[in-house]
Amino acid sequence: MISRSLGPEFGGAVGLCFYLGTTFAGSLYIIGTIEILLTYIVPTATLFEATSIESEGTAALNNMRVYGTCCLLLMALIVFVGVKYVNKLALVFLACVMLSILATYAGVIKSAIEPPEFTVCLLGNRSLKNDKFEVCAKTMTVDNQTLTTDLWKLFCNSEHLNATCDDYFDLNNVTEIPAIPGILSGVLKDNLWGDYGPAHTVLEKKNQDSVPAQDTSGDIHKPYVFNDIATYFTLLVGIYFPSVTGIMAGSNRSGDLRDAQRSIPIGTIMAIVTTSFLYISCVLFFGACIEGVVLRDKFGNSVKKNPVIGILAWPSPWVIVIGSFFSCCGAGLQSLTGAPRLLQAIARDGIVPFLQIFGHGKANGEPTWALLLTVGICEIGILIASLDAVAPILSTFFLMCYLFVNLACAVQTLLRTPNWRPRFKFYHWTLSFLGMSLCLSLMFISSWYYALVAMVIAGCIYKYIEYRGAEKEWGDGLRGLSLNAARFALTHLEESPPHTKNWRPQLLVLCKLDSQLSVKHPRLLSFTTQLKAGKGLTIVCSVLEGTYMTRGTDAKTGEQNLKAVMAAERTKGFSHVVVSSNLRDGFSLLIQSAGLGGMKHNAVLMAWPAGWKQARDSSARRNFIETVRETTEAQQALLVAKNIDHFPGTHERLKEGTIDVWWIVHDGGLLMLLPFLINQHKVWRKCKMRIFTVAQMDDNSIQMKKDLQMFLYQLRLDAVVEVVEMHDSDISAFTYEKTLVMEQRSQMLKQMQLSRTEREREAQLIHDRNTASHFTKEDKASTEKPDRVHMTWTKDKLINERNKQREGMVVKDMFNMKPEWENLNQSNVRRMHTAVKLNEVVVKKSQDSQLVLLNMPGPPKNKKGDENYMEFLEVLMEGLDRVLLVRGGGREVITIYS
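In this convention, every chain numbers its residues from 1, walking through the sequence in written order. Local features in this predicted model are restricted to residues whose pLDDT is 70 or higher, and side-chain atom pairs enter the listing and the counts only when it is 80 or higher, whereas totals over whole chains, interfaces and linings include all residues. Values reported for side chains reflect all heavy atoms of the structure, with hydrogen atoms and water molecules removed beforehand.

Structural notes on the environment of glutamate 49
So, step 1. Position of glutamate 49 among the secondary structure elements: in the loop between α2 (8-41) and α3 (56-81).
So, step 2. Only protein chains enter the area calculation, which uses a 1.4 Å probe; residues under 20% of their type maximum are buried, those over 50% are exposed, and those in between are partly exposed. Given the relative accessible area of 59%, glutamate 49 is considered exposed.
So, step 3. Put simply, glutamate 49 and asparagine 63 are 14 residues apart on the chain and 9.0 Å apart in space, counted from C-alpha to C-alpha.
So, step 4. Side-chain polar atoms of glutamate 49 contact the side chain of threonine 46, separated by 2.6 Å. Every helix listed is a DSSP run of H or I at least four residues long, and every strand listed is a run of E at least two residues long, numbered separately from the N terminus. Any N or O atom pair separated by 3.5 Å or less is treated as a polar contact, with the protein-specific requirement of one donor-capable and one acceptor-capable atom, and with residues adjacent in sequence counted only for side-chain atom pairs.

As structure tokens, this is what we get:
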């Protein structure tokens with residue numbers, strides 16, 4: 001996801017960090033498994049015994065390392081044998097987790113009625129380990145005799161009453177308090193605030209009276225409960241954060257979801273709500289039920305080495321012990337299963353050459369080599385042998401991944417990429433920046449040195465991917481950096497054609513200058529701003545007739561006027577005025593050569609020549625049609641705005657209305673993408689999008705509407721769909737199926753099951769076309785070999801579709817324009833009749849619309865039919881105020897994939 005949004009460099013760097021985080025998560029869970037095993041289940045199964053108090057920590061770490069390594073090898077063997085066993089055990093592990101959570105809440109409820117009988121023994125205000133004595137008292141009376149207790153022997157040099165004892169033992173009394181006072185005891189008030197301390201300090205109850213001793217050097221040898229490590233807020237954040245790293249599990253398995261774009265937002269939000277409720281409620285309940293010194297007793301030494309949560313749980317501490325053990329085992333297996341597959345996916349991308357070997361595995365695809373590397377890295381975490389030290393490592397790597405996920409969302413939103421259309425509407429880019437900032441802050445809060453190491457690792461991987469095999473160039477400060485970035489971007493844009501996901505209209509705007517060299521249609525630039533929203537490439541051009549030697553000054557003046565109008569209309573782009581012997585050649589040169597390198601236009605925007613009928617000569621009509629032919633030949637899209645002076649200005653706001661799309665031909669999806677882009681601008685934001693398509697009387701209009709609605713849902717476009725029914729004689733030039741050609745048609749046909757009637761009708765249309773007596777020989781040749789000018793149907797497309805679908809879907813289409821326009825024969829009369837009827841329907845439905853978008857048919861091959869072609873377009877747009885004729889460039893510009 002990150003590599004597709006921010007590029008392979010970021011994706012590779014963050015992907016490897018995410019892999020390392022997942023691998024260290026396996027270490028964390030295995031260490032947790034062994035810690036539970038050796039502390040609570042089998043405490044006697046130790047291989048290394050402590051010879052002194054000082055060596056207890058070292059012996060415990062060595063035991064963790066040995067048992068952890070054995071557990072790692074066992075889990076790796078299970079994963080190697082088959083993932084199916086891990087998946088079968090997943091439900092068992094999940095059941096253990098659920099039982100543990102339910103037992104905890106049951107214990108909280110029971111503590112309000114009958115608190116558990118666990119007690120804590122305090123000497124003064126110090127908490128004592130009670131595993132070596134039963135009676136919490138210095139002495140006891142048996143048969144009228146005062147005898148010393150086991151506790152006395154721990155602090156005195158003999159069991160006699162006159163023995164020499166520890167100073168603190170002599171000065172303070174022994175008291176016994178309940179470990180679980182209960183939720184109604186009011187202990188929450190005492191536990192509300194933090195109580196951090198350095199390592200190896202005695203846990204004390206702050207509000208308990210005590211008399212301090214002068215000599216504390218021997219405390220380390222006494223049965224007090226100590227802090228094993230220094231505690232502080234940032235450490236707890238690093239330890240706590242791994243518990244919330246599973247909220248993106250649904251996103252990681254998006255390929256298995258039936259409707260990912262609907263399920264991921266709901267599932268992720270519900271995961272966050274559920275986990276947040278569980279964690280926050282548990283923190284509050286623990287603080288409200290458990291005594292403070294017990295809460296800070298990490299291993300439960302003051303409650304006979306029971307887990308602290310275990311003494312709260314009902315019915316038995318063993319529910320928590322067993323549940324925790326199996327949940328840690330399950331999580332460890334899942335990490336060892338997922339991490340190798342993540343590394344294998346990164347290796348197969350081929351962006352990090354030294355990882356190529358890890359893309360291979362067993363014959364069934366299991367990542368054997370990646371598993372071996374994962375086990376090796378996981379062993380490093382196990383050798384650390386401390387949950388408190390390993391947790392910040394994986395927290396840092398996961399936080400870095402989430403940081404770049406937020407960054408990717410923010411960048412896509414700010415760049416206003418047309419194909420970035422998230423269905424989740426309650427979103428703003430500031431939330432992504434807030435999340436990114438929080439992730440960065442938490443990285444340094446939990447462990448600043450781990451954060452720096454992770455950033456250095458990611459930076460090195462990024463640079464390796466970016467400069468792999470490329471020469472490094474050093475510039476001269478900021479200017480050199482800017483020039484190098486521009487050169488790098490331009491040269492790399494030409495290496496491969498842009499993908500459909502990255503397509504956006506890069507406009508060449510053809511403006512006219514009047515005799516005073518002023519812009520004739522300023523609203524054309526206003527519409528450009530509204531369509532582009534200041535993003536992407538915009539080149540505003542004009543042509544002056546003459547020679548550059550005589551009109552060079554006029555060209556510069558006209559360019560300055562263009563820049564002034566662009567500034568006034570907030571059009572961000574480049575302006576250029578050329579001088580040519582005639583307008584026709586000037587426009588042709590601009591269409592061919594405007595732009596630089598990969599920064600070239602892919603669409604031309606111009607105004608409809610409203611006065612072509614009144615002009616004495618045919619130059620206006622000829623220049624317009626030749627421009628249409630030039631753009632078609634250059635495989636560029638063409639946008640023609642009728643009544644451009646009636647379009648709203650940049651400072652206006654349309655309070656209501658609709659943007660109507662009459663989808664006659666699927667011309668690469670441009671007709672669907674443009675209203676979405678226009679609707680993003682504040683001028684058109686309150687306008688609703690409507691899509692009209694045409695059906696014959698015997699078509700299944702209801703099914704067509706459902707199919708289109710599903711198609712729009714997949715495209716993540718919000719629009720009202722309407723199917724207009726017309727008689728066969730009125731729409732003989734087009735059918736609904738014509739809207740489903742090109743790439744997306746193949747996908748749609750899998751969802752649309754054509755009726756038998758429709759298939760028979762299409763076969764009849766093919767027969768009619770091949771046998772119609774009024775077709776000339778030239779017409780037949782053009783039918784068998786459609787001209788490449790016709791952007792929605794080529795011979796290759798026809799052959800491919802016949803092979804794929806086993807049914808030709810070639811239909812008579814008013815946009816073919818194959819019979820010569822100057823010969824008003826039966827074909828042209830029928831086409832003009834179709835245009836009139838279609839115009840009547842469009843005017844009836846869209847007369848009050850703010851903007852109407854129509855497919856623009858291609859011009860005739862023979863120039864003698866130009867006037868008939870212009871008349872045809874006039875008839876098509878008659879009675880409509882604002883019209884945008886759209887002719888695609890012959891490629892897909894919209895996709896269901898973000």
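Still more to cover.
Re the pattern of salt bridges
So, step 1. Only one rule defines a salt bridge in this text: a Lys or Arg side-chain nitrogen within 4 Å of an Asp or Glu carboxyl oxygen. Scanning all chains against the criterion turns up 18 salt bridges.
So, step 2. Lysine 304 serves as the salt-bridge partner of glutamate 134, at 3.5 Å between the closest nitrogen and oxygen. Of this pair, glutamate 134 sits in the loop between β2 (126-127) and β3 (139-142) while lysine 304 sits in the loop between α11 (292-295) and α12 (308-312), and the two are 170 residues apart along the sequence.
So, step 3. Judged by its relative accessible area of 40%, lysine 304 falls in the partly exposed class.
So, step 4. Ionic pairing is found between lysine 298 and aspartate 388, a salt bridge with its closest N-O pair at 2.4 Å.

Concerning the confidence of the model for the protein chain
So, step 1. Averaged over all residues, the pLDDT of the protein chain equals 80, while 81% of them reach at least 70.
So, step 2. pLDDT: the predictor's confidence for each residue, scored from 0 to 100. Between two residues, a contact is recorded if the distance between any of their heavy atoms is within 4.5 Å. Counting interchain partners and residues more than four positions distant, the pLDDT-below-50 stretch residues 765-825 has 125 contacts.

Things to note about the state of the cysteines
So, step 1. A pair of sulfur atoms, both from cysteines and within 2.5 Å, is called a disulfide here. Summed over all chains, the structure comprises two disulfides.
So, step 2. A disulfide bridge connects cysteine 121 with cysteine 136, and the sulfur atoms are separated by 2.0 Å. In this structure, the disulfide formed by cysteine 121 and cysteine 136 twists by about 85 degrees around the S-S bond and is classed as right-handed. Taken together, the residues span a long stretch of sequence, with cysteine 121 in strand β1 (residues 119-123) and cysteine 136 in the loop between β2 and β3 at a distance of 15 residues. Of the two residues examined, cysteine 121 and cysteine 136, each falls in the buried class.
So, step 3. Note on cysteine connectivity: cysteine 156 is disulfide-linked to cysteine 165, with sulfurs 1.7 Å apart. Its torsion about the S-S bond being 100 degrees, the disulfide of cysteine 156 and cysteine 165 is classed as right-handed.

A short note on the side chain of threonine 149
So, step 1. One can find threonine 149 in the loop between β4 (145-148) and α5 (150-155).
So, step 2. Side-chain polar atoms of threonine 149 contact the backbone oxygen of alanine 137, separated by 2.5 Å.
So, step 3. Apart from the residues lying within four places of it in its own chain, the contact partners of threonine 149 are Val135, Ala137, Lys138, Thr139 and Met140.

What to know about the nonpolar core
So, step 1. Definition of nonpolar core: a set of buried residues of the types Ala, Val, Leu, Ile, Met, Phe, Trp, Tyr and Cys, connected through side-chain atoms within 4.5 Å. Counting 70 residues, the largest nonpolar core has Ile30 and Leu355 as the members making the most contacts within it.
So, step 2. For this core, the elements supplying multiple residues, two or more each, are α2, α3, α4 (83-113), α13 (317-349), α14 (368-384), α15 (387-415), α16 (429-446) and α17 (448-466).
So, step 3. With 16 residues, α2 is the largest single contributor of residues to this core.
So, step 4. Beyond its immediate sequence surroundings of up to four residues, leucine 355 is in contact with Leu16, Leu343, Ile346 and Ala347.
So, step 5. Counting 54 residues, the second largest nonpolar core, distinct from the first, contains Leu513, Leu674, Phe676 and Val886.

Thoughts on a positive patch on the surface
So, step 1. On the surface, Arg416, Arg570, Arg653, Lys682 and Arg685 cluster together to form a positively charged patch.
So, step 2. Look at arginine 416 and you get partly exposed, because its relative accessible area is 46%. The patch calculation keeps residues exceeding 30% relative accessible area without a salt bridge and links them within 9 Å when they carry like charges or within 5 Å when they are nonpolar (Val, Leu, Ile, Met, Phe, Trp, Tyr). Surface accessibility follows the Shrake-Rupley procedure with a 1.4 Å probe radius. Residue values consider only the protein chains on display as shielding. For the purpose of charge, His is not counted, nor are the chain termini; Lys and Arg are scored as positive and Asp and Glu as negative. To locate a charge, take atom NZ for lysine, CZ for arginine, CG for aspartate or CD for glutamate.

So, the environment of valine 237
So, step 1. Along the polypeptide, valine 237 turns up in helix α8 (residues 233-240).
So, step 2. Given the relative accessible area of 16%, valine 237 is considered buried.
So, step 3. Measuring from C-alpha to C-alpha, the distance between valine 237 and proline 392 comes to 8.4 Å, with 155 residues separating the pair along the chain.
So, step 4. The contact partners of valine 237, leaving out residues within four places of it in the chain, are Leu442 and Ile445.

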